[in-house]
Protein chains: 2
Amino acid sequence: MLLQNPIKQAAVTTADKVFEQLQYAIVEGDMVAGSKISEPELAKYYQVSRSTLREALNRLEKYHLIERKANIGSRVVDCTIEGLLELYITREALEGMACRQAALNMTDEEIAHMQAMLSQHANDKSLQEGVSYYQEQGDVDFHYKVILGSHNQQLISLICDQLYHLVRMYRCQFGMHSPRATRAFTEHSNIIQAISDRDGELAELLMRRHIAASRKNIENKIALQMAEQKSKHVSNQSSAQISEEI
Amino acid sequence: MLLQNPIKQAAVTTADKVFEQLQYAIVEGDMVAGSKISEPELAKYYQVSRSTLREALNRLEKYHLIERKANIGSRVVDCTIEGLLELYITREALEGMACRQAALNMTDEEIAHMQAMLSQHANDKSLQEGVSYYQEQGDVDFHYKVILGSHNQQLISLICDQLYHLVRMYRCQFGMHSPRATRAFTEHSNIIQAISDRDGELAELLMRRHIAASRKNIENKIALQMAEQKSKHVSNQSSAQISEEI
DNA sequence: AACATCACTTTTGTCGACAATTTTCTTTTT
DNA sequence: AAAAAGAAAATTGTCGACAAAAGTGATGTT
């Protein structure tokens, strides 16, 4: 898997390993979103006792990948358009603030490193060719660098633990593509400039616009698809591909 | 306990009940912050098996009230000045955005209800007398109303589940008092006005100032106490009382 | 006296079984 | 035939026991 959580710790216990496998299965859609989870079945599948499976489920619940009800059971979280938009709004708030804090708290070395990363991407031939794969990775790297640069454990934990698992899940399930490389590159460039200027206010503003632009782009795509589907009388919209950036 | 989580569901299972008791014990400081947790000991104390106690611990970990390490054990989270300030910065980001969304998404009925709540507080004699108790409750009610008014499940869950347990813990452990009633009342009043004007931008700005003001006030108090302690050669600073608003 | 090693104790992780609750299916009644 | 009631099956919650890992203290070596 490409988009790794940068602050995760190694899986030492069996429950950890089962959790990781389940995490990938859910994020990549091998376990269908919204479906019920059978503890005995899964325990048998992963060759572990139900206790350790439940331990893994607890961790999945912590990361908002499943939902549990007492005496009823667990379900994989559902991927809805509303949920996706809510996620973007939350990201806008948290990553915006993280970017402001990064401008205040990043060391000069960290900033230099981020600038180096960016110019490396600039020289990368994939950018010129408009290939999305490397840019995708670069985009994720950039966002993580900014988040970690906030030096705020609370923000880091919330964004990386609570949000980004879901972000990756939506990316996979809705088949979202990367942003047009050049546009994102310019925006990233401006954000880094604001950070190296130690201009927290501008840095936050730019990051919020960067994320809000993606959200609005998605909203437009959705509106378009809805109209298309209405004219074509297609009922199933959950498998729709949304060509948009992270 | 006064400051309840407004979105919590009833505790039906034994693990739920143990979790609730442990939650209060941690928040109110009956279990000292940073201390190690003994599973056998706690299980015996609450008269449950270690399995159900571990289930409760899992939930505490989900809410960031304890921290676990594989094969090592659990510790109650530590209350530090840095952690408190990080919490305020995160609140500023999340509640600011929640307030913006509330301006966009609250129903007219919800707004009317919040206005009624505020004028009730205005007429309450406790406000005139500057009694903090009711105002404390009123302040919490106000913030919760705004958060729920965002109609954004992601924001609601993050703030109420992840942040407010810690907020209450810090309030208890640092013995923080309420804000001066009249000042907070005016600020709340202005925020509600912005919401009823459907002015999301202003609503967010005012809420962020409202929270940032508290944070800065705390920072000043801390700086003052640090100076005092230095002159008095007092070493223990963790039990300091910080007279500041939520 | 300080350090390393080994055995012992304690604690955490995992397992299978039982109890309680929910769901499903059958039977009964209107 | 539809709805209600009750029995059976399956699922979740809880328990005590064992296995594995970490911590502790005594012993021996340099």
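Residues numbered from 1 in each chain as written. Chains lettered and ligands numbered in written order. Predicted model: local features only at pLDDT ≥ 70, side-chain atom pairs only at ≥ 80, totals over all residues. Heavy atoms only, no water.

Considering the packing of helix α4 (residues 81-105) of chain A against helix α8 (residues 153-173) of chain B
- Their axes nearest at 8 Å, the elements α4 of chain A and α8 of chain B cross at an angle of 50°. Comparing their axes, α8 of chain B and α4 of chain A come out oblique. Here Glu 86, Leu 87, Ile 89, Thr 90 and Leu 94 of chain A of α4 of chain A come into contact with α8 of chain B, specifically with Gln 153, Gln 154, Leu 155 and Leu 158 of chain B.
- Residue classes in the contact of α4 of chain A with α8 of chain B are distributed as 5 nonpolar, 3 polar and 1 charged. (Axes fitted to C-alpha atoms, helices over the stretch in contact; angles between N-to-C directions. Helix = DSSP H or I, 4+ residues; strand = E, 2+ residues; numbered from the N terminus. Parallel < 35°, antiparallel > 145°, perpendicular 65-115°, else oblique. Contact = heavy atoms within 4.5 Å. Nonpolar A, V, L, I, M, F, W, Y, C, P; charged D, E, K, R; others polar.)

A word on the interface of chain B and chain A
- Contacts between the two partners involve 32 residues from chain B and, on the opposite side, 32 residues from chain A.
- Taken together, both faces of the contact between chain B and chain A bury some 2,700 Å²; the carbon and sulfur share is 52%.
- It is Lys 62, Glu 86 and Gln 154 of chain B that lose the most area in chain B upon contact with chain A, and together they represent 21% of the buried surface on that side.
- Where chain B meets chain A, there are 8 salt bridges.
- Residue Arg 208 of chain A pairs with Glu 204 of chain B through a salt bridge whose shortest N-O separation is 2.7 Å.
- In this assembly, chain B and chain A are joined by 10 residue pairs in polar contact (both at pLDDT 80 or more).
- At the level of elements, α3 (50-62), α4 (81-105), α8 and α10 (200-232) of chain B are the ones that each hand at least two residues to the side of chain B that touches chain A.
- No other element matches α4 of chain B, which puts 10 residues into the side of chain B that touches chain A.
- Partitioned by chemical class, the residues of the side of chain B that touches chain A number 11 nonpolar, 11 polar and 10 charged. (Buried area = accessible area lost by both parts, 1.4 Å probe. Salt bridge = Lys/Arg side-chain N within 4 Å of Asp/Glu carboxyl O. Polar contact = N/O pair within 3.5 Å; in protein donor to acceptor, adjacent residues only side chain to side chain.)

That is the geometry; function is a separate question.
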